[in-house]
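Residues per chain are reported as follows:
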Amino acid sequence: MTLEDFEDFDAAGAGDSTLFPAPIDSSSNILGVVSPGQVAAGITFALTSGTDAYFAAPGQSANPTNAIGVNTPTSAGWNMIFDVGTNALAFDVFQNLGGQSGSTILATVDLYGVGNALIDSLDVAIPSGGLGFFGVFSDVLIKRAVVNNPNSFDVIDNVSFSSGVQVPESSSLLALLGFGFLGAASAINRKLSQEKKSKQDN
């Protein structure tokens, strides 16, 4: 897995929000923001419209660590484009409406495959003052992911992805609500296995 957490950005020492033009990728060289090699290889971060993005210092939009956000237009979202595609994608998303809205909002995540075909459209809940987590495994190669709430200056962090390889199985997509879901499922499976083994022993 590859992780882009934006911690290496040059603006990290500024302790404040810094504007920069999107898109950015591993070759980007924006004075005072990012140098070549500081964005993880294999991904491009672009806006769905416009080019006005910003580096979000910790706490700017409830993000505890460095993140990147949409500055204008409000209606724009993040377009994550993968060089070779991915079968696993996860990221954190925060709301920023010139601050926090005071309530949970939804952002839509659209996943596109080869030939820009829509694979699925899912929602992620973003609490005010907290993070929304999105995670997905897919046996359909994801080439592009778009995250957007048209009324929020979407802020993303901790983008994790695999170097995808097409899996020759039936098309399916598994969305994860959070790591807690995985833990609960694992615990249930262990309990069922133990009960089954106990019945077999008796």
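Bear in mind the structure is a predicted one, so any value in this text is a computation, not a measurement.

Visitor: Looking at this structure, how should I read the confidence of the model for the chain?
Guide: Interpreting fine coordinate detail is not advised for predicted regions of low pLDDT. Predicted confidence across the chain gives a mean pLDDT of 84, with 79% of residues reaching 70 or more. Here helix H1 (residues 179-201) is the element of the chain with the lowest mean pLDDT, 45, and strand E3 (residues 43-47) is the one with the highest, 98. Taken as a whole, residues 166-172 scores under 50 in pLDDT and shows 12 contacts with residues more than four places along the chain or in a different chain. The low-confidence segment residues 177-193 (pLDDT under 50) makes five contacts with residues lying over four places distant or belonging to another chain.

Visitor: Is there a simple way to think about the packing of aromatic side chains in this case?
Guide: A ring pair, where both rings are aromatic, is described by two values, the distance of the centres and the angle of the planes. Applying the stated criterion across every chain, the model contains five aromatic pairs. Seen from their ring centres, Phe6 and Phe9 are 5.5 Å apart, and the 90 degrees between their planes marks the pair as edge-to-face. A relative accessible area of 0% places Phe6 in the buried class. Grouping aromatic residues by their ring pairs yields a cluster made of Phe6, Phe9, Phe45 and Phe55. Above the plane of the ring of Tyr112 lies Arg144, whose end atom (NZ or CZ) is 4.1 Å from the centre.

Cut-offs applied
Residues numbered from 1 in each chain as written. Predicted model: local features only at pLDDT ≥ 70, side-chain atom pairs only at ≥ 80, totals over all residues. Heavy atoms only, no water. pLDDT = per-residue confidence, 0-100. Helix = DSSP H or I, 4+ residues; strand = E, 2+ residues; numbered from the N terminus. Contact = heavy atoms within 4.5 Å. Phe/Tyr/Trp six-rings, centres within 6.5 Å; stacked < 30°, edge-to-face > 60°. Buried < 20%, exposed > 50% of the residue type's maximum accessible area, 1.4 Å probe, protein only. Lys NZ or Arg CZ within 6 Å of the ring centre and 35° of its normal.

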